[in-house]
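Given next are the chains, with one letter for each unit.
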Amino acid sequence: MRRKLIVGNWKMNGSLVSNTALLEDIIPQSSHAQCDIVICPPSVYLMQCGALLADSALVMGAQDVSEHANGAFTGDVSASMLKDCGCSYVILGHSERRAIHGESNALIARKVVAAIEAGLKPILCVGETSDQRENAQTNDVIRHQIEAVLDVLPAGKLAELVVAYEPVWAIGTGKTATPEMAQEVHLLLRTILRAQNTAAANDMRILYGGSMKPDNVQALIEMPDIDGGLIGGAALKSSDFMAIVNAANNALRAS
Ligand code: PGA
């Protein structure tokens, strides 16, 4: 049975003072969580947050990584550096990086491989835009995005991967996919992954992301192929984030 996974993606938000306040609020409330919890702060705050999270039930992730191991790549951060600073996970292929930084499927696939080689678990984001959904291209877009990674990732490494379905039109907009819409894409993803490595695909976590909030989390997280959430806005407010964590705990108890 898959353990639920809740990931807080802080994006480019926070400060030394506000990070401490948020984590000092969340950490004690998470001590008995039945799900896995990952916090992804901006990279400059990884050392600070890593120290705060030490000895807690939460682990840390980063929001991006270089495809390269080291060298003349001004401004970039390598996977081994993230590992060195205490990260266990890294978000890759977020739609904001695809859209704002022009990241291609091929680049994201190379980043996934670099992350796994350094011992990080990538959280690979996939998702369609509203135009693509309206033009009935959702399944093709998702297939293309996931297969770009499967083409370069050895099947034996699939167990290291987490996938997040994040419809672009739902991110930061307050619009959410209905549980049925999300489940349909999650099942498509798991079916594609099963063709590569059935055992790993059955065990791997496929998260939903895109305006997941306390008032919509329960119905989403109870769907059979939704194994948790990638949370943006609601991860910045401890009461919202903990309500989502508690929904994941309840879903476990209900199943
Ligand atoms: P949101 O962001 O929860 O604010 O929609 C999710 C994400 O971008 O990962």
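Being a predicted model, the structure only gives us computed values, none of them experimental. Per chain, residues are indexed from 1 in the order of the written sequence. The model is predicted, so local features are restricted to residues of pLDDT at least 70 and side-chain atom pairs to those at 80 or more, both for listing and for counting; the totals for chains, interfaces and linings are taken over all residues. Processing note: side-chain calculations cover all non-hydrogen atoms of the structure and skip hydrogens and water entirely.

S.K.: Explain the site of the ligand to me, using residue names and the numbers behind them.
M.R.: Around the ligand, 13 residues are found, and the nearest of them are Lys11, His94, Glu166, Gly172 and Ser211. The contact in question runs from an oxygen atom of the ligand to an N or O atom on the side chain of lysine 11, over 2.7 Å. When residue character is reported, Ala, Val, Leu, Ile, Met, Phe, Trp, Tyr, Cys and Pro are called nonpolar, Asp, Glu, Lys and Arg charged, and the others, Gly included, polar. Tallied by class, residues from the shell around the ligand come to four nonpolar, seven polar and two charged. Nearness is defined per residue: one heavy atom within 4 Å of the molecule or strand is enough. Each polar contact in these results corresponds to two N or O atoms within 3.5 Å; when the atoms are within protein, one needs to be able to donate a hydrogen and the other to accept it, and residues that are neighboring in sequence are counted only if both atoms are side-chain atoms.

S.K.: Talk me through the packing of helix 1 (residues 16-29) against helix 2 (residues 46-53); I want residue IDs and the actual numbers.
M.R.: At a minimum axis distance of 10 Å, the contact between helix 1 and helix 2 shows a crossing angle of 25°. Between helix 1 and helix 2, the angle falls in the class roughly parallel. For the crossing formed where helix 1 meets helix 2, the hand is right-handed. Here helix 1 contributes Leu16, Asn19, Thr20, Leu23, Glu24 and Ile27 to the contact with helix 2, which in turn contributes Gln48, Cys49, Leu52 and Leu53. Looking at the contact of helix 1 with helix 2 residue by residue, the class counts come to six nonpolar, three polar and one charged. The axes used here are C-alpha line fits, helices contributing only the stretch in contact, and every angle between their N-to-C directions lies in the interval 0 to 180 degrees. Strands are runs of DSSP state E lasting at least two residues, helices are runs of H or I lasting at least four, and both sets are numbered from the N terminus onward. Angle categories: roughly parallel below 35 degrees, roughly antiparallel above 145, roughly perpendicular from 65 to 115, and oblique for all the rest. Two helices crossing with the near one rotated counterclockwise from the far one by less than a right angle form a left-handed crossing, whereas a clockwise rotation gives a right-handed crossing. Should any heavy atoms of two residues lie within 4.5 Å, those residues are considered in contact.

S.K.: Help me get a handle on helix 1, residues and values and all.
M.R.: With 14 residues, helix 1 ought to run about 20 Å at 1.5 Å a step, and its terminal C-alpha atoms sit 21 Å apart, in line with that. Burial status follows relative accessibility: with a 1.4 Å probe on protein chains alone, a residue under 20% of its type maximum counts as buried, one over 50% as exposed, and anything between as partly exposed. Listed as buried for helix 1 are Asn19, Leu22, Leu23, Ile26 and Ile27. End-on, the buried residues of helix 1 take up no more than an arc of 125°, which puts them together on one face. Across helix 1 from its buried face, at more than 90 degrees, point the exposed residues Val17, Glu24 and Pro28. By definition here, a helix of n residues has an expected span of 1.5 Å times n minus one. Starting at the helix axis, one direction is taken to each C-beta atom, and the arc is that of these directions.

S.K.: For the pattern of salt bridges, give the residues involved together with the corresponding values.
M.R.: Any two side chains of opposite charge can pair if their charged atoms end up close together. Only one rule defines a salt bridge in this text: a Lys or Arg side-chain nitrogen within 4 Å of an Asp or Glu carboxyl oxygen. This model, assessed by the stated rule, comprises 15 salt bridges. Two residues, arginine 2 and aspartate 225, come together in a salt bridge whose shortest N-O distance is 3.8 Å. In this pair, arginine 2 is assigned in the segment before strand 1 (5-9) and aspartate 225 in the loop between helix 10 (217-221) and strand 8 (228-231), connecting sequence segments 223 residues apart. Under the relative-accessibility criterion, aspartate 225 is labelled buried at 7%.

S.K.: An account of the sheet that holds strand 8 is needed here, citing residue identities and associated values.
M.R.: Here, strands pair whenever DSSP counts at least two bridges between them. Sheet architecture is closed into a barrel: eight strands sit in the order 1-2-3-4-5-6-7-8, paired in parallel fashion. Pairwise comparison of adjacent strand axes, ignoring direction, gives a mean angle of 25° for this sheet. Across three bridges, strand 3 (residues 59-62) lies against strand 4 (residues 87-92) in parallel orientation. Across the sheet, methionine 60 pairs through a bridge with cysteine 87, a residue of strand 4.

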